[in-house]
Protein chains: 2
Amino acid sequence: MSVLVVGSVALDSVETPFGKVENVLGGSASYFSIAASLFTDVHVVAAVGNDFPDDHIELLKSKNIDVTGLEKEKNGQTFRWEGKYGYDLGDPDTLGTHLNVLETFDPVIPDEYKDIDYVFLANIDPEVQMKVLDQVNSPKLVACDTMNFWIENKLEELKETLKHIDILIINDSETRELAGEPLITNAARKIMEMGPKTLVCKRGEYGALMFSGDDIFFAPSYPLEEIFDPTGAGDTFAGGFMGYVAGNGSMNPEDFKKGVAYGSVLASFTVEDFSVNRLRNVKQNDLEGRLADFLKLSKI
Amino acid sequence: MSVLVVGSVALDSVETPFGKVENVLGGSASYFSIAASLFTDVHVVAAVGNDFPDDHIELLKSKNIDVTGLEKEKNGQTFRWEGKYGYDLGDPDTLGTHLNVLETFDPVIPDEYKDIDYVFLANIDPEVQMKVLDQVNSPKLVACDTMNFWIENKLEELKETLKHIDILIINDSETRELAGEPLITNAARKIMEMGPKTLVCKRGEYGALMFSGDDIFFAPSYPLEEIFDPTGAGDTFAGGFMGYVAGNGSMNPEDFKKGVAYGSVLASFTVEDFSVNRLRNVKQNDLEGRLADFLKLSKI
């Protein structure tokens with residue numbers, strides 16, 4: 001079954017200890033949709049400005065990603081993010097955020113997208129996430145992401161959105177902040193009481209932790225010897241996860257585990273180069289090769 | 001086969017958000033030996049002062065731990081540590097460290113310990129660790145721990161010790177600091193070039209990572225809903241690991257994985273109460289029950 005993603009498509013300028021790029025393809029929906037396209041049909045709803053290069057749109061199309069819902073605003077500029085990573089490749093310093101068209105982003109879901117069964121709401125304003133849900137016709141499974149900014153500034157709106165979603169996919173620190181609870185197991189339980197039946201907690205190089213009811217699944221991260229640029233790893237993870245789950249038409253937490261594995265493996269490709277440069281070239285045998293290694297990592 | 005541990009036996013005063021204790025049994029060798037005693041015979045070499053309660057010695061003896069090598073210095077005081085943990089139960093603030101007898105600790109290995117096949121050098125001065133190795137007769141397997149203090153102040157001595165050990169069991173941050181390398185896989189490779197064929201990297205709630213040759217093993221942590229006091233978790237882990245490995249007379253990295261699992265599970269008991277209060281009461285069925293849950297955590 002296919003996936004609908006609503007999120008950002010951006011132009012990123014990124015500096016790491018290993019290099020520097022300007023105005024490259026970024027944004028949650030870009031990473032998500034390229035990752036998910038390895039498993040299923042993907043339909044994107046996002047907004048860009050008149051400065052957005054056609055090449056990037058062609059790239060998405062070349063992956064069979066449906067960009068009917070990618071609105072190009074004639075009088076606007078694309079969302080831009082500038083960041084710099086230190087030697088430890090931890091959280092980057094944000095040097096600039098220019099919301100541009102994102103400031104007034106009010107997604108209109110095309111009629112032909114309204115019956116899509118799998119919906120992913122990338123990290124955008126929780127009120128906008130809710131507006132998306134109001135436009136779609138009872139999807140089988142809704143997952144969403146969020147970030148500390150919304151937890152701190154739109155908590156009530158976020159809690160309203162959470163009542164309507166099945167899976168929340170967020171970072172470790174966001175999990176604790178949203179729950180107001182330092183211990184991850186307790187934080188997870190509190191968040192599941194807010195609505196989501198499943199919580200996927202992304203922990204970067206420490207892997208991922210998934211809570212579904214009473215079940216806990218602890219996934220490794222794929223060990224790399226070189227990390228070039230961590231940007232987009234989390235969105236790639238979400239794309240691999242949702243792509244796999246939707247591609248299999250699954251609603252079963254047991255299948256979600258394999259989704260976590262695919263998400264982790266795909267994120268390991270993303271961080272090996274700037275932008276989607278490595279991710280866009282992942283072939284089925286690359287993916288299956290790393291998945292096999294990944295599954296061995298935690299075998300006793 | 002039995003295990004020899006050389007380390008500290010201490011009196012700890014600990015405060016956490018959940019309570020406070022004074023002068024309770026602590027020290028690396030205490031946690032290690034109680035954990036290892038669940039699997040095999042343990043022989044301790046350590047020093048305490050004239051203030052050390054006989055009850056603690058009786059406790060160790062009740063676990064069949066051989067304390068012939070636990071020297072009680074008539075004119076000295078026991079090593080004391082005072083620490084306070086914040087709400088996140090992360091790294092504690094050290095409020096006081098009184099080395100006392102540890103300051104001049106010069107371990108003499110009793111003759112009857114010199115042929116013990118499995119040796120664990122807990123976190124003490126690397127020169128003292130080397131003196132221990134000079135006294136024993138070619139053990140089958142030597143593991144050791146260390147800490148940032150020795151990495152920063154006795155790096156050359158530590159590197160000398162590392163040439164003579166098989167397994168290094170240290171924290172995540174110590175791994176990166178010792179290697180001078182932020183990426184854990186590269187840090188591990190550099191450390192293995194210093195001597196140890198196996199590196200076990202303890203990551204607290206994120207689990208443990210073991211490197212042996214080209215093999216990487218990623219273990220979860222046992223998810224708890226209450227953590228009372230994290231003190232001693234790492235030493236308990238090492239005790240469970242070495243106890244299991246020695247108890248099975250193993251030299252095989254495949255068996256080390258199960259050692260990591262037992263170490264992780266035992267550490268989960270230690271943090272549920274102050275001092276060794278929970279650990280000392282772990283029964284075989286408690287252990288096997290949690291191990292079964294633990295093994296399920298990362299199953300796909």
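Residues numbered from 1 in each chain as written. Chains lettered and ligands numbered in written order. Predicted model: local features only at pLDDT ≥ 70, side-chain atom pairs only at ≥ 80, totals over all residues. Heavy atoms only, no water.

Novice: Got a minute to help me understand the environment of Thr 146 of chain B in this structure?
Specialist: Residue and element names in this part refer to chain B. Relative to the helices and strands, Thr 146 resides in the loop between strand 9 (141-144) and helix 4 (148-153). Sequence-wise, Thr 146 and Ile 124 are 22 residues apart; in three dimensions their C-alpha atoms are separated by 6.7 Å. Beyond its immediate chain neighbours, meaning those up to four positions away, Thr 146 contacts Asn 123, Leu 158, Ile 170 and Glu 174. (Helix = DSSP H or I, 4+ residues; strand = E, 2+ residues; numbered from the N terminus. Contact = heavy atoms within 4.5 Å.)

Novice: Whenever I open this one, helix 1 (residues 28-36) of chain A confuses me. Can you help?
Specialist: Count 3.6 residues to each turn of an α-helix, and residues three or four apart come out pointing the same way. Of all nine residues making up helix 1 of chain A, nine are buried, and the element is well covered by its neighbours. Buried within helix 1 of chain A are the following residues: Ser 28, Ala 29, Ser 30, Tyr 31, Phe 32, Ser 33, Ile 34, Ala 35 and Ala 36 of chain A. (Buried < 20%, exposed > 50% of the residue type's maximum accessible area, 1.4 Å probe, protein only.)

Novice: Looking at this structure, I do not really get the pairing of strand 2 (residues 10-16) of chain B. What am I missing?
Specialist: Looking down a regular strand, the side chains alternate between one sheet face and the other. Residue and element names in this part refer to chain B. Extensive coverage of strand 2 is indicated by the burial of six of its seven residues. From the end of strand 2 to the start of strand 3 (residues 19-26), which pair antiparallel, there are two residues. As judged from the six bridges shared by strand 2 and strand 6 (residues 79-84), these two strands associate in the parallel manner. Counterpart to Leu 11 in the pairing with strand 6 is Arg 80. (Pairing = 2+ DSSP bridges.)

Novice: What exactly am I supposed to notice about unusual backbone geometry here?
Specialist: Peptide bonds are, in most cases, trans, and in most cases residues other than glycine have a negative phi. Residues and elements named next belong to chain B. Despite not being glycine, Asn 100 has its phi angle at roughly 50 degrees, a positive value. Within the element layout of this structure, Asn 100 appears in the loop between strand 7 (93-98) and strand 8 (118-121). One non-glycine residue, Ser 138, lies in positive phi territory at about 25 degrees. Its place among the elements puts Ser 138 in the loop between helix 3 (126-135) and strand 9.

Novice: Explanation requested: the packing of aromatic side chains in the structure shown.
Specialist: Any two aromatic rings considered together are summarised by their centre-to-centre distance and by the angle between their planes. Residue and element names in this part refer to chain A. Under the defined criterion, the tally for this structure stands at 17 aromatic pairs over all chains. Between Phe 32 and Phe 120 the ring centres are 4.5 Å apart and the planes differ by 5 degrees, which places this aromatic pair in the stacked class. Here Phe 120 lies in strand 8 (residues 118-121) and Phe 32 lies in helix 1, a separation of 88 residues in the sequence. Taking the centre distance of 4.9 Å and the plane angle of 70 degrees together, the rings of Phe 39 and Tyr 262 count as edge-to-face. In this pair, Phe 39 is assigned in the loop between helix 1 and strand 4 (42-49) and Tyr 262 in helix 9 (residues 253-270), connecting sequence segments 223 residues apart. Here Tyr 262 falls in the buried class, since its relative accessible area comes to 5%. Aromatic ring contacts, followed pair by pair, group Phe 18, Phe 228 and Phe 274 into a single cluster. Here the guanidinium or amino end of Arg 290 rests over the ring plane of Phe 269, the centre of that ring lying 3.9 Å away. (Phe/Tyr/Trp six-rings, centres within 6.5 Å; stacked < 30°, edge-to-face > 60°. Lys NZ or Arg CZ within 6 Å of the ring centre and 35° of its normal.)

Novice: Hey, could you run me through the pairing of strand 8 of chain B in this one?
Specialist: Residue and element names in this part refer to chain B. Judged by which residues are buried, strand 8 turns out to be covered on both faces: Tyr 118 and Phe 120 on one side and Val 119 and Leu 121 on the other are all buried. Inspection of the sheet shows strand 1 (residues 3-6) paired to strand 8 by four bridges, in the parallel sense. Among the inter-strand pairings, Val 3 is bridged to a residue of strand 8, identified as Tyr 118. Pairing of strand 8 with strand 9 involves four bridges; the strand directions are parallel. What sits directly across from Tyr 118, in strand 9, is Leu 141.

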